[in-house]
Amino acid sequence: MKDNHSWLVEKYISSPVLPKERILSWLKWDPKVEFDTIIIKSEADAFIQRVLNVDEKIFKEQDVQKGKAIINKDLLQIPGFIGFEAYYNAVPDDERQVTFVVEFIRGNETVDTIDLVTEVIRPKVFIKHLSPAEISVTPEKRQIESLTFALENRGKGRVVSIGPFIDIVQGKDMQVEIKNFKEIDTSERFLFVPSSTIYISKIIIKGMGYGMITLGFEYEDAMHNKYETKLKEIVLDIKQKENVEVPIASTMEGNQPALVLEPRVV
Amino acid sequence: MSADLFSDVLGGAVPLIQTLLNSKLIVAKGATVYHKYSEIEYRFDIKIGSESSRADGIIRTLQSFLQKPVEFDNVIEILGYGLPHNENLKELDIITIKDDKATIDFAKLLRTVKSDLVVLTIRTIFPEELRRKLVTARISQNSTYHNGDYIEASLDISLDYADMWYKTFDSFTVREIEFSFNLNIVLKTIEPLIPSDLKKRIRSAAKAVTSGNQKAAEFLKIMNDNFLTFEQEERVSELIQSISVEPKQYFEVTSIIPRMQSCEIAGVRYPVILPGSMNMFLSCRLEGRQVALHGTLRLDLHKFNNVLSHIISDIQKQTHELKF
């Protein structure tokens, strides 16, 4: 059988996939090929949810849940076909390939091995640039400009929603939090807007003194997997006691197309 | 042979079907599942033999089914005809249907029909539990954008629980496996298509209309009316041209529903209605012997943008003379 898999009619696996997104895969081969058993193996964090078109006895084997499905040829319901549904259940730090190995066994010998490789993708947002790097209020300079983050999505997965969060605040005489405010957008950057009412995230600082916050962005992909960017340190230098509101603005570059095809449940 | 697709669906008629199968009087059997509608249509080719052979053949075999017509429940439609003489079994009152109950009078059939083969098609409700088991589908959650040329999304479909159907039928097809996608048209994709001089005129008109300028009001009405053509048949035909699904022999785009969105002219807060989204419905057909299929939906962004550009071009032409 090991002759460049010429006996194989079709080999397919869904790719790319997001973490926890359904993976479908199948092999079709010449039914005349001789073997006794098929073993499907998955790697860590990849789970075989179901083997398609096989006798239900397969699922009583606990090995399936441990990443190994053993299918005797007699339990195949369709000659020349094996398929499975799987998931990659972890949220990886980086995009990566995940391999399912299908072995065809005759007697004690592995007569052929097929690798089914899928790419697990994810969004990966970086804070490219922050301007300004600190929030400073003095009696001479009370006007606060927006904190503008230039973000970049370097992953192949699309970001579906994103918002800032504060992780650590240091400064004993200060209270810092993030809130969302409804405001009317009077700028004319664009011709058409969905609504003049917009929601702006702002950092609210109460107190005065010198301090520091670390701020990051949490974001989700289309499977609602959650991610966080690395944190950015922002120095606070508030020389007079007042409530300071600092708007947060962000722009996103990289793999973030404006138009997307989204599946709808029918 | 599994009886799941018979007993769970044909109910009381199962003993008849089993008898016909066991005595090899059913010479061909097929089933088509209309997945979207949760319906299944059976086709049975039944060899009833020549008139002279029936007394010692089929009549003996079906003795217990000849006392009264056999009933079928949950029937949506039942049809039958003889081959080669094309007798219409409904017209001959051999098969009847009332509400969701159908009957076949086999005694009358064997007395009346001259043909030696009878084809029966019975369309009935397909239980939801079986329907869910039958088709496993995966639609990509992260469509791929290709350099401003096209967007792609993939679909994978497989039939499962083959013990229900693979060995039972000579032919098995699942039709009308429906998928739907939505394209949200964000405003920043429309704006670059509007020439800068037209943008200025739109903003000026929105400001002028607040002080009662009639020409400005006319301009904005023409603009809105043209954007509304996005929902009309002519534009829908153009939009369909921007979508392709492969492989074509198994997939088709069945409909597109364009929708509008309410928004405002920024800074002036003048309401406008713009193209908002496009819902696309695809249908897939899967032959049983095929078992599994991978498909790709592609939206050609150049053709799609052309539809929006045509609308904008019409706005320019129709408002060219208007001064305000």
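Each remark here, short or long, concerns the structure printed above.
Just so it is clear, the structure is predicted and the values come from calculations on it, not from any experiment.

Cut-off values and rules
- Residues numbered from 1 in each chain as written.
- Chains lettered and ligands numbered in written order.
- Predicted model: local features only at pLDDT ≥ 70, side-chain atom pairs only at ≥ 80, totals over all residues.
- Heavy atoms only, no water.
- Helix = DSSP H or I, 4+ residues; strand = E, 2+ residues; numbered from the N terminus.
- Rg over C-alpha atoms; globule rule 2.2 N^0.38 Å.
- Buried < 20%, exposed > 50% of the residue type's maximum accessible area, 1.4 Å probe, protein only.
- Contact = heavy atoms within 4.5 Å.
- Areas by Shrake-Rupley, 256 points an atom, 1.4 Å probe, with all protein chains shown as cover.
- Lys, Arg positive; Asp, Glu negative; His and termini not counted.
- Charge placed at Lys NZ, Arg CZ, Asp CG, Glu CD.
- Arc of directions from axis to C-beta.
- Salt bridge = Lys/Arg side-chain N within 4 Å of Asp/Glu carboxyl O.
- Expected span 1.5 Å × (residues − 1).
- Pairing = 2+ DSSP bridges.
- Axes fitted to C-alpha atoms, helices over the stretch in contact; angles between N-to-C directions.

Colleague: Which parts of the structure should I look at to understand the overall build of chain A?
Modeller: Across its full length, chain A carries zero helices and 20 strands. On C-alpha atoms alone, chain A measures out to a radius of gyration of 27 Å, which is more than a quarter above the 18 Å that the 2.2 N^0.38 rule sets for 266 residues. Summarising its shape, the C-alpha atoms of chain A cover approximately 85 × 45 × 30 Å along the three principal directions. Taking all 266 residues of chain A together, 47% fall into the buried category. Considering only residue pairs separated by 6 or more positions, chain A has 72% of its internal contacts joining residues 24 or more positions apart. For chain A, the accessible surface area stands at approximately 13600 Å², while carbon and sulfur atoms represent 46% of it. Positive and negative charge centroids in chain A, built from 35 and 42 side chains respectively, lie 2 Å apart.

Colleague: Would you mind going over helix α2 (residues 14–22) of chain B with me for this structure?
Modeller: Residues and elements named next belong to chain B. Of all the residues in α2, the buried ones are Val 14, Leu 16, Ile 17, Leu 20 and Leu 21. The buried side chains of α2 occupy one side of the element, clustering within an arc of 160° when seen end-on. In the segment just after α2, Lys 24 is the residue with positive phi, at about 55°.

Colleague: Please clarify how the pattern of salt bridges should be interpreted in this entry.
Modeller: A side chain of one charge can pair with a side chain of the opposite charge if their charged atoms are brought near each other. For the coordinates displayed, the defined rule picks out 37 salt bridges over all chains. Notably, a salt bridge pairs Glu 41 of chain B with Arg 123 of chain B, separated by 3.8 Å at the nearest N-O pair. You can see Glu 41 of chain B sitting in strand β2 (residues 39–47) and its partner Arg 123 of chain B sitting in strand β7 (residues 117–125), a full 82 residues away along the chain. Salt bridges sharing common partners tie together Glu 21 of chain A together with Arg 138 and Asp 156 of chain B.

Colleague: What am I meant to see in helix α10 (residues 301–319) of chain B here?
Modeller: Quick reminder: α-helices carry 3.6 residues per turn. Residues three or four places apart thus point the same way. For α10 of chain B, built from 19 residues, the straight-helix expectation of 27 Å at 1.5 Å per residue is met to within 8% by its first-to-last C-alpha distance of 27 Å. Residues of α10 of chain B that are buried: Leu 301, Phe 304, Val 307, Leu 308, Ile 311, Ile 312, Ile 315 and Thr 319 of chain B.

Colleague: Whenever I open this one, the sheet that holds strand β9 (residues 125–131) of chain A confuses me. Can you help?
Modeller: Pairing between sheet strands relies on hydrogen bonds along the backbone, with the strands arranged either parallel or antiparallel. Residue and element names in this part refer to chain A. Ordered in space as β9-β11-β19-β15-β13, the five strands form an open sheet in which the pairing is mixed. Edge positions in the open sheet fall to β9 and β13 (174–184), since each of these has one partner strand only. Going across the sheet, the axis of each strand differs from the next one's by a mean of 30°, ignoring polarity. Where β13 and strand β15 (residues 197–207) come together, eleven bridges link them in antiparallel fashion. Each bridged residue has a counterpart across the sheet, and for Phe 181 the counterpart in β15 is Ile 200.

Colleague: How should the environment of Gly 211 of chain A be read in this particular structure?
Modeller: All names here are of chain A. Turning to its location among the elements, Gly 211 is positioned in strand β16 (residues 209–220). Residue Gly 211 is classed as buried on the basis of its relative accessible area of 7%. For Gly 211 and Leu 236, which are 25 residues apart along the polypeptide, the C-alpha to C-alpha distance reads 4.9 Å. Other than its neighbours up to four places away in sequence, Gly 211 contacts Gln 170, Gly 171, Met 174, Ile 234, Val 235 and Leu 236.

Colleague: Quick question: what am I supposed to make of the pairing of strand β7 (residues 96–106) of chain A here?
Modeller: A regular strand carries its side chains on alternate faces of the sheet. Residue and element names in this part refer to chain A. Here strand β3 (residues 37–42) pairs with β7 via six bridges, running antiparallel. Pairing of Lys 41 across the sheet is with Val 101, part of β7. Looking at chain direction, β7 and strand β8 (residues 109–120) are connected through eleven bridges and run antiparallel. Residue Gln 97 lies in a different strand from β8, and its bridge partner there is Glu 119. Following β7, the chain reverses through two residues before pairing antiparallel with β8; Gly 107 in that reversal takes a positive phi of roughly 65°.

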